Amino acid sequence: MLQLVYGRAGTGKTRRLMDSLCAQARQGKKVMLLVPEQVSFESERAVYRLLGAQAAQNVEVLSFTRLANLVFRRFGGGAGRRLDEPTRLLLMSAALDEVSGQLKLYADSARDSSFLQMLTQTVAQFKFAGLTPQKLDDLTGLLPGDETSDLPDKLRELSLIYGAFQALVERQYSDPLDDLARAEELAAENGFFLGWNLYLDGFMSFTGAELALLQVAAEDCDNVTAAFSGLPEQAGDETSMFYSSLKSGAALAAASAQAGVDVAEPLVLRTPLRFEAPGLRGAEELLAGGNPPADECGGLVLARFGQPYDEVECAAAEIAQLVRGQGLRYRDITVICRDVERYRAALETVFSRYGIPLFLDRVTDLRSHPLVIALLAALEAVRGGFDTGELLNLAKTPVFGLTVDESARLENYCFVWSVEGQDWQRDFVVSPKGLRRGAGGEGDQQELDDLNALRRRVVEPLQPLLGLVKGCTGREFARACYDFLQNAGCPDHLRDFCGSLPEQERKPAQELAEAVWNSLMGLLDVFAEALGTVRCPLARFLDLLQMSVAMVEVGQIPSTLDQVSAGSADRVRPQSPKAVFLLGANEGVFPAVPGRGGIFSDKERRVLEGSGLQLGAPLFQAILEERFFFYRSAACASQRLYVLCARAEATGADLEPSPQFQQLCEAFPQALRQEARPTGARIVNLATAEEELARHFVPGDPDAGSIAEFLRRHGRGVQGERLAAA
């Protein structure tokens with residue numbers, strides 16, 4: 001039997017599911033809790049906390065990925081090398097090369113990097129929809145006739161490319177995007193779900209492959225219980241932000257009924273249970289389309305600041321006050337932005353100054369690491385015929401071994417004499433002093449000798465890369481890159497650089513360096529294996545390497561249990577935070593404006609949807625999902641909610657409040673904070689005291705005098721003395 005549970009945020013859907021599954025587990029029944037990937041760990045902790053070690057053994061907490069792996073462990077099918085995103089990109093490039101002679105519509109785009117990325121995303125969408133190359137080719141004949149449309153030709157050529165790509169994958173790889181389809185077949189054939197009680201929580205939508213697997217589960221499980229956000233009476237309303245969630249519930253019910261499963265009357269939860277402050281209850285009701293009382297705004301704070309940096313400053317000051325004055329732990333507090341990268345630098349800088357431990361829900365982009373910067377700069381320098389800018393970028397990276405002074409001297413000489421191209425392969429012979437008086441005097445020859453030694457240290461490690469200029473195979477490219485890194489001593493220099501950092505930064509830097517090195521070596525292995533015999537110009541391999549490193553991300557492990565977490569609204573799923581700060585509640589920022597790109601136009605997508613092929617969410621649905629991200633973020637706190645926005649970008653460009661922020665201000669005018677917090681409220685330690693003194697120093701001002709005296713008593717009076725002297 002399928003039991004659907006509906007309700008808005010904070011009405012106890014998760015609690016209802018947890019109570020039910022715990023009762024089943026205590027009776028010794030097999031229970032499976034299926035949740036999105038990003039909440040699987042927290043859900044597992046919650047189950048363990050509720051049941052204890054013994055009864056928790058009866059519960060499997062899984063995401064769809066872990067569910068497929070569990071099926072493979074039971075019945076096989078998961079063997080083979082796993083295909084990752086960079087390998088997928090390289091295999092797609094090889095597939096394009098293989099069929100390029102048969103392409104007409106995409107013949108000119110086959111070598112374009114952006115087309116390659118779009119093609120990779122499109123094939124992933126085909127797989128999410130459960131579409132094979134043969135099914136895609138068959139779909140071409142089912143399209144309505146339109147002589148002016150390129151869609152049939154697009155599908156034929158995409159089917160050709162997709163087939164070539166899939167053939168390359170199946171030679172030596174196992175594609176994770178095919179896991180659910182394989183798991184569905186194995187689960188159906190072997191009765192994997194027999195005897196299980198399945199619970200689903202936290203899903204906003206399902207792909208075609210996920211829904212097909214759930215249909216098998218519904219047919220074989222003893223019971224299936226699934227919770228979705230929204231109320232049944234809103235189903236079908238294409239203007240509701242709950243549209244995707246309610247549509248998913250209806251799709252699961254239809255798939256279950258098709259499998260002959262009884263569908264019970266939905267359980268609808270309407271009473272809010274989460275909110276301890278009236279303002280939070282009112283904010284949730286307003287954002288969900290209701291009309292809460294205007295005078296109940298306790299716990300809600302609305303504020304507008306000059307720039308995004310000021311939002312972060314306010315959040316840090318408030319967090320310090322909540323922890324010190326109201327007894328909250330740092331782990332009780334969450335900061336949510338639409339895109340955390342927009343605020344990353346400010347969050348790290350300001351929170352560090354306030355002494356607030358912070359875990360950012362982010363991953364490190366390989367392109368920002370010195371090791372990768374050095375390799376890409378070296379390849380660009382060789383491709384550009386010893387381009388001076390790239391060679392100096394290489395010399396400045398700490399993994400290359402030159403000191404700051406050495407790289408500065410080299411850069412100064414190149415600036416004075418406009419060193420370019422082949423000049424790097426000959427000894428420097430003119431005076432480092434340029435044409436100034438005294439040039440050519442004593443000491444010039446020694447300086448020239450030193451500069452030529454530095455020049456050789458930069459140029460000589462590039463020798464393995466010079467042979468790539470006229471073209472190479474993937475294996476030759478990978479070998480030359482590895483030889484360059486070894487010849488330049490990059491591993492040793494990187495180790496020395498990490499060891500020279502302050503003690504608190506040393507271990508994280510060493511762990512990151514090891515992860516980046518392993519990821520980069522893995523990428524070069526892929527070039528050697530997937531494109532081992534494919535010959536291309538150096539420029540093509542360099543473009544592929546740049547795209548590949550952009551796809552590789554290195555995650556971070558929280559360094560402590562008690563810290564503020566910050567993340568992007570579509571990724572972070574906080575578990576019962578007491579206080580939440582929403583940053584960037586500006587129009588076009590949060591909620592964001594979804595983009596629509598890709599191979600198919602909106603008109604073509606509508607034609608495909610009419611033929612039964614859904615490739616991602618329609619544009620209107622993506623807009624509603626952005627609204628839902630804001631709603632879910634605003635409705636997850638239990639005690640305090642801060643909604644902050646800025647008047648302008650750091651560049652000076654004007655910003656307008658988002659419609660949601662304006663709604664909240666109109667409904668709860670008493671929650672709008674008109675004035676900034678007093679100067680003293682932002683002083684929590686010596687670093688913030690120095691910041692405030694520099695920001696507001698006026699000779700004779702009593703506040704400035706008090707701060708200066710505070711700093712003097714703690715041995716930090718130099719700042720006040722310098723400001724007074726200025």
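Residues numbered from 1 in each chain as written. Predicted model: local features only at pLDDT ≥ 70, side-chain atom pairs only at ≥ 80, totals over all residues. Heavy atoms only, no water.

Some details on the state of the cysteines
Here the structure, examined in full by the defined rule, presents zero disulfides. C314 takes part in no disulfide bond, and the closest cysteine sulfur, belonging to C645, lies 11 Å away. Owing to a relative accessible area of 7%, C314 belongs among the buried residues under this scheme. The cysteine C414 is free of any disulfide, with C490 supplying the nearest cysteine sulfur at 19 Å. Among the residues examined, C414 registers a relative accessible area of 5% and is labelled buried. (Disulfide = S-S within 2.5 Å. Buried < 20%, exposed > 50% of the residue type's maximum accessible area, 1.4 Å probe, protein only.)

Topic: the nonpolar core
Residues L379, W424, F477 and F484 are the most contacted members of the largest nonpolar core, which totals 103 residues. The element that contributes the greatest number of residues to this core is helix α21 (residues 503-530), accounting for 12 residues. Contacts of F477, omitting those with residues within four sequence positions, involve L379, L468, C472, F527, L538, F541 and L545. With 75 residues, the next largest nonpolar core counts F72, F193, L200 and I336 among its residues. (Core = buried A, V, L, I, M, F, W, Y, C linked by side-chain atoms within 4.5 Å. Helix = DSSP H or I, 4+ residues; strand = E, 2+ residues; numbered from the N terminus. Contact = heavy atoms within 4.5 Å.)

Remarks on the sheet that holds strand β10 (residues 333-337)
Strand pairing in a sheet relies on backbone hydrogen bonds, with the paired strands running either antiparallel or parallel. Overall, parallel pairing links the seven strands, which are arranged β11-β16-β10-β17-β18-β9-β19 in an open sheet. Each of the sheet's edge strands pairs with one partner strand only, and the pair in question is β11 (358-360) and β19 (672-673). Bridge count for β10 against strand β16 (residues 564-568) is four bridges, and the pairing is parallel. Within β16, the residue paired with C337 across the bridge is S568. Relative to the sheet, helix α13 (residues 340-354) contacts β10, β11 and β16, its axis offset from that of β11 by approximately 165 degrees. On the sheet, helix α24 (residues 619-634) packs against β10, β17 (579-582) and β18 (640-646) and is oriented at approximately 145 degrees with respect to β17. (Pairing = 2+ DSSP bridges. Axes fitted to C-alpha atoms, helices over the stretch in contact; angles between N-to-C directions.)

Structural notes on the pairing of β17
Here β17 shows two buried faces, one formed by A579 and F581 and the other by V580 and L582. Two strands pair when backbone bridges link them, and β10 and β17 are joined in this way by four bridges, in the parallel orientation. Among the inter-strand pairings, I333 is bridged to a residue of β17, identified as A579. In this sheet, β18 lies alongside β17 in parallel orientation, the contact comprising four bridges. Counterpart to V580 in the pairing with β18 is L641.

These values are about where atoms sit, not about what they do.
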